[in-house]
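Topology and contacts: notes
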Amino acid sequence: MGKGKGRMGIMETPSIRILNILMQRERERLQDLESAVEVDCHLMEFGDVRYHIQSSIADPQYVELSISLPSWPQESICSGGLPFGAIEAVKGAYGSSIEIIDPPEEGFQLTLAIDLAKFPLDKDCRLQLMKKIASLRAVVLGACMREILKNLTSRIVYPDAGQVITLVQHPKESFFLIPLMEKMMVVLPVHFKDSSDAVLAISFLQDFVEARRCSGLKKAPSCIWSQKPPQEMKGAPAYTSSANAGFLSFVIFRHHVEGDKLDRTVWTLSSFHAYLNYHIKRSKGFMHMLMRRRVDNLIQALNQAKVHVEKDKKKLKTPGLPCLPKLLPHRKGKMISKGYGCPK
């Protein structure tokens with residue numbers, strides 16, 4: 001699915017907070033052991049995955065990282081609260097530098113014991129391993145999808161072609177994989193509680209589909225948006241019909257998952273709900289900013305008009321005619337004598 005940072009906005013795979021903690025712990029272990037402090041940090045990522053990372057002052061080279069995942073619906077493929085193939089994916093990604101603690105920490109589905117002393121000596125290799133550990137969410141939640149998409153690269157015909165496979169990446173936000181002949185269809189039902197968010201999502205997804213037709217994105221997976229579920233989802237659960245923002249479908253072929261593209265494709269698909277929510281919130285924030293700016297301009301224009309009216313009123317106020325002498329009720333003769341200067 002596209003290369004570079006701009007392919008899916010800012011949805012980066014590693015957790016920045018976990019990566020910073022690991023890098024800080026590594027610096028303290030190698031350079032300044034006396035300044036090491038105890039680490040006991042709880043994190044939340046994308047509003048659905050919880051982390052607990054801890055390390056003692058006595059053994060700064062050991063770090064424990066626990067992860068708690070969203071609850072899975074009955075029709076999803078999971079084992080012990082983890083997606084199918086998650087344990088194998090963790091062992092394959094981290095090797096001997098980590099150890100899976102059984103049983104995990106209470107309230108979490110998986111706990112890893114990380115030994116920083118077992119990290120590679122090369123600086124760049126150590127950093128890459130830290131980024132992989134900070135990407136634990138992608139490794140665990142993408143394990144099942146990764147195994148299914150591997151069938152495309154190995155040209156294995158899926159035994160239950162056309163059967164709907166339910167996966168979960170966010171509470172109450174499932175998406176579905178439908179194996180077809182030499183391709184995989186991924187369908188994402190889009191639902192928002194707020195009707196205004198649903199309207200924005202529909203507009204965004206329609207533009208998203210149109211952008212796929214640009215000349216520079218011809219090799220990207222084709223995508224289709226529709227208000228109704230596609231025909232391939234006949235066996236999907238009934239709750240998917242409540243998608244008030246429609247259905248977005250991607251068609252994945254073998255060349256989309258070859259080599260390094262597999263992990264990139266898995267992460268892009270599994271984080272699409274977060275990507276969509278991010279853009280909806282940014283769009284609403286941008287519209288609110290424009291409305292506030294327009295109100296400020298209107299208030300400024302009204303204030304300027306008020307100043308001009310006050311100035312105009314001052315200009316209209318003239319000094320007026322000079323006051324005439326008050327005529328006293330004299331008798332007619334006296335008035336004539338005064339007018340002609342006659343003596344009394």
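Use the structure listed above.
Residues numbered from 1 in each chain as written. Predicted model: local features only at pLDDT ≥ 70, side-chain atom pairs only at ≥ 80, totals over all residues. Heavy atoms only, no water.

1. Thoughts on the pairing of strand 1 (residues 39–45)
Burial along strand 1 is one-sided: the face carrying Val39, Cys41, Leu43 and Glu45 is buried and the face carrying Asp40, His42 and Met44 is not. The pairing of strand 1 with strand 2 (residues 49–55) spans 7 bridges and is antiparallel. Note that in strand 2 the partner of Asp40 across the bridge is Gln54. Here strand 1 hands over to strand 2 after 3 residues, with Phe46 in that stretch at a positive phi of 60°. (Buried < 20%, exposed > 50% of the residue type's maximum accessible area, 1.4 Å probe, protein only. Helix = DSSP H or I, 4+ residues; strand = E, 2+ residues; numbered from the N terminus. Pairing = 2+ DSSP bridges.)

2. What to know about the pattern of salt bridges
This model, assessed by the stated rule, comprises 7 salt bridges. Measuring nitrogen to oxygen at the nearest pair gives 3.0 Å for the salt bridge that ties Lys284 to Asp197. Placement of Lys284 in helix 8 (residues 272–316) and of Asp197 in helix 6 (residues 195–211) is noted, with a sequence separation of 87 residues between them. Among the residues examined, Lys284 registers a relative accessible area of 25% and is labelled partly exposed. One salt bridge in this structure joins Arg254 and Glu258, with 2.8 Å as the shortest N-O distance. Given a relative accessible area of 30%, Arg254 falls into the partly exposed group. Classification of Glu258 as partly exposed rests on a relative accessible area of 34%. In the salt-bridge network here, residues are joined through shared partners; they are Asp194, Asp197 and Lys284. (Salt bridge = Lys/Arg side-chain N within 4 Å of Asp/Glu carboxyl O.)

3. Some details on the sheet that holds strand 1
Strand order across the open sheet formed by 5 strands is 1-2-3-7-6, with antiparallel pairing between neighbours. Of all the strands in the sheet, just strand 1 and strand 6 (98–100) have a single pairing partner and so form its edges. Each neighbouring strand pair of the sheet contributes to a mean axis angle of 20°, computed without reference to strand direction. Contacts from helix 2 (residues 86–94) reach strand 6 and strand 7 (110–115), with the element oriented near 165° to strand 6. (Axes fitted to C-alpha atoms, helices over the stretch in contact; angles between N-to-C directions. Contact = heavy atoms within 4.5 Å.)

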